[in-house]
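# Topology and contacts: notes
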Amino acid sequence: MAQNSARPVGRHFLQIPGPTPLPDRVLRAMDTPIIDHRGPEFAKLGKKCLDGIKTIFKTTNPVIIYTATGTGAWEAALVNTLNAGDRVLMVETGQFATLWKRMAESIGLKPEFIKTDWRIGADPAAIEDHLRKDTRKEIKAVCVLHNETSTGCLSPIADIRKAIDAAGHPALLLVDTISSLASTDYRHDEWGVDVTVGGAQKGLMLPPGMSFNAVSDKALAASKTSKLPKSFWSWDDMLNMNKQGFFPYTPATQMLHGLVAGVDMLHEEGLDNVFARHDRLAEATRRAVRAWGLEIMCKDPKYYSPTITAVMLPEGHNADAFRALALDTFNIAYGASFGAYSGKYFRIGHLGDINDGTLIGALGITEMALALAGIPHKKGGVQAAMDYIVSAHAGPKRAAAE
Ligand code: PLP
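Residues numbered from 1 in each chain as written. Predicted model: local features only at pLDDT ≥ 70, side-chain atom pairs only at ≥ 80, totals over all residues. Heavy atoms only, no water.

### Here's the deal with the site of the ligand
If you check the shell around the ligand, you find Thr-69, Gly-70, Thr-71, Trp-74, Phe-96, Leu-145, Asn-147, Thr-149, Asp-176, Ile-178, Gln-201 and Lys-202 and nothing else. At a separation of 2.6 Å, a nitrogen atom of the ligand approaches a polar side-chain atom of Asp-176. One of the side-chain N or O atoms of Lys-202 is found 2.7 Å from an oxygen atom in the ligand. About the coverage of the ligand: the protein hides 86% of its 390 Å² of free accessible area. At three residues, helix 3 (residues 70–81) tops the list of elements feeding residues into the shell around the ligand. In terms of residue class, the shell around the ligand is made up of four nonpolar, six polar and two charged. (Near = heavy atom within 4 Å. Polar contact = N/O pair within 3.5 Å; in protein donor to acceptor, adjacent residues only side chain to side chain. Areas by Shrake-Rupley, 256 points an atom, 1.4 Å probe, with all protein chains shown as cover. Helix = DSSP H or I, 4+ residues; strand = E, 2+ residues; numbered from the N terminus. Nonpolar A, V, L, I, M, F, W, Y, C, P; charged D, E, K, R; others polar.)

### Points about the sheet that holds strand 8 (residues 172–176)
A sheet is described by the order of its strands in space; here seven strands give the open sequence 2-10-9-8-5-3-4, paired in mixed fashion. Single-partner strands in this sheet number two, and they are strand 2 (63–66) and strand 4 (110–114). Here the strands of the sheet are splayed against their neighbours by 20 degrees on average, with no regard to which way each runs. Here strand 5 (residues 139–145) runs beside strand 8; their pairing, made up of five bridges, is parallel. Directly across from Leu-145, in strand 8, lies its bridge partner Asp-176. Running at roughly 170 degrees to strand 5, helix 5 (residues 124–133) makes contact with strand 3 (87–91), strand 4 and strand 5 of the sheet. (Pairing = 2+ DSSP bridges. Axes fitted to C-alpha atoms, helices over the stretch in contact; angles between N-to-C directions. Contact = heavy atoms within 4.5 Å.)

### Here's the deal with the sheet that holds strand 12 (residues 308–312)
Each strand in a sheet pairs with its neighbour through backbone hydrogen bonds, running either in the same direction (parallel) or in the opposite one (antiparallel). Taken together, the three strands give an open sheet; going across it, the order is 11-12-14, and neighbouring strands pair in antiparallel fashion. Edge strands, defined here as strands with exactly one partner in the open sheet, are strand 11 (295–296) and strand 14 (345–349). Pairing between strand 11 and strand 12: two bridges, direction antiparallel. From the neighbouring strand, Ile-296 faces strand 12, where its bridge partner is Val-311. Contacting strand 11, strand 12 and strand 14, helix 10 (residues 271–292) runs over the sheet at an angle of about 10 degrees to strand 12.

### Points about helix 2 (residues 40–57)
Note: α-helices contain 3.6 residues per turn, so residues at a spacing of three or four share the same orientation. Between the first and last C-alpha of helix 2 there are 26 Å, a value that for 18 residues agrees with the 26 Å anticipated at 1.5 Å per step. Elements in contact with the buried residues of helix 2: strand 2, strand 9 (195–199), strand 10 (211–215), helix 8 (235–242), helix 9 (253–269) and helix 10. Looking one or two residues past helix 2, Lys-58 carries a phi angle of roughly 55 degrees, positive in sign. (Expected span 1.5 Å × (residues − 1).)

### A few points about the packing of helix 10 against helix 12 (residues 356–372)
With their axes 11 Å apart at the nearest point, helix 10 and helix 12 run at an angle of 20 degrees to one another. Regarding the angle of helix 10 to helix 12, the classification is roughly parallel. In terms of crossing hand, the pair formed by helix 10 and helix 12 is right-handed. Of the residues in helix 12, those touching helix 10 at Arg-280, Leu-281, Ala-284, Thr-285, Ala-288 and Trp-292 are Asp-356, Leu-359, Leu-363, Thr-366, Glu-367 and Leu-370. Split by residue class, the contact of helix 10 with helix 12 holds seven nonpolar, two polar and three charged. (Parallel < 35°, antiparallel > 145°, perpendicular 65-115°, else oblique. Left-handed = near helix turned anticlockwise from the far one by under 90°.)

And the structure:
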């Protein structure tokens with residue numbers, strides 16, 4: 001019987017690449033009375049959050065916390081650093097890069113878009129090449145996504161920084177880490193990023209509705225001469241109030257309680273272990289996809305995403321119909337496909353509070369759903385994923401025993 005025709009039994013498999021399932025500990029941290037957001041108890045909470053979040057971005061500079069989804073933090077990054085008519089360089093890695101470009105246009109910037117077929121990340125050499133041609137140094141910012149959530153391609157931010165430097169170009173570097181932060185290594189300061197845009201609802205394991213700008217000294221200097229209209233997004237008021245642990249407006253207090261729990265959980269696991277877990281689950285997923293004989297959307301392994309794998313379906317099979325069948329029958333939600341690839345792939349999210357067993361469950365459901373949908377594939381994807389996970393655990397265990 002189809003799942004939706006009766007009470008859904010057991011737990012829902014939320015395998016979209018964010019929002020991710022909320023850990024009980026985060027939920028419990030949020031389940032607490034509201035406090036006065038101008039009182040001393042709040043100041044302690046605010047400071048704890050503002051300090052704690054820096055350790056996730058790996059920065060000693062301020063991180064601004066907005067009560068807004070990631071899209072708001074995109075806008076904040078642009079309107080605080082740039083001026084009307086500024087040229088900005090962006091890379092068309094997929095749907096989210098396209099949306100950020102549209103936003104840039106709508107607020108009066110002039111984006112230049114390096115095209116891709118949506119199946120790779122941002123190529124540092126292409127960025128360097130484009131910047132070298134800008135001999136008058138008119139491009140004011142390079143805006144890239146660390147992880148393109150719509151396709152499952154990760155871009156090499158440290159190498160992009162090097163490419164900008166190699167071109168001798170003064171452009172700011174603005175990076176979206178919404179679907180990579182707290183899931184894979186990211187170093188705002190060391191990599192010389194000027195504004196890092198983050199979101200709460202993925203690796204940080206919080207509900208949607210909170211986002212971040214980590215800022216460099218160069219970005220702060222640019223904000224002094226930036227004249228794009230801004231009020232809610234203005235860094236100035238935020239930074240002033242944040243010094244005492246307060247916000248210029250009524251902050252999302254419960255989300256901040258959740259943030260303390262999320263950051264604590266990440267450090268208790270150890271950030272390097274968090275990253276290794278995501279790498280392991282991503283590789284297990286890719287092995288399952290290959291064993292099924294299906295194609296991974298990201299076509300160059302050097303851009304593989306640690307947080308999401310997009311799976312192409314064979315010609316003649318519609319991925320949206322497949323997702324609907326899987327949801328109806330097995331209570332699993334996958335991510336959709338976009339643009340020219342609409343209906344051609346589905347996305348498996350493997351980020352946030354997810355472990356080996358959850359992933360194997362999701363892959364088992366996927367293998368059953370492929371069979372039920374009559375999509376040509378080979379058996380053994382789940383076995384390949386399990387074998388990989390066992391070998392990934394056996395390696396370190398053996399090394400520790402020796
Ligand atoms: N950028 C990336 C990489 C995303 O994955 C998303 C959303 O999933 C966004 C931006 C937009 O964020 P939001 O939907 O929180 O506004």
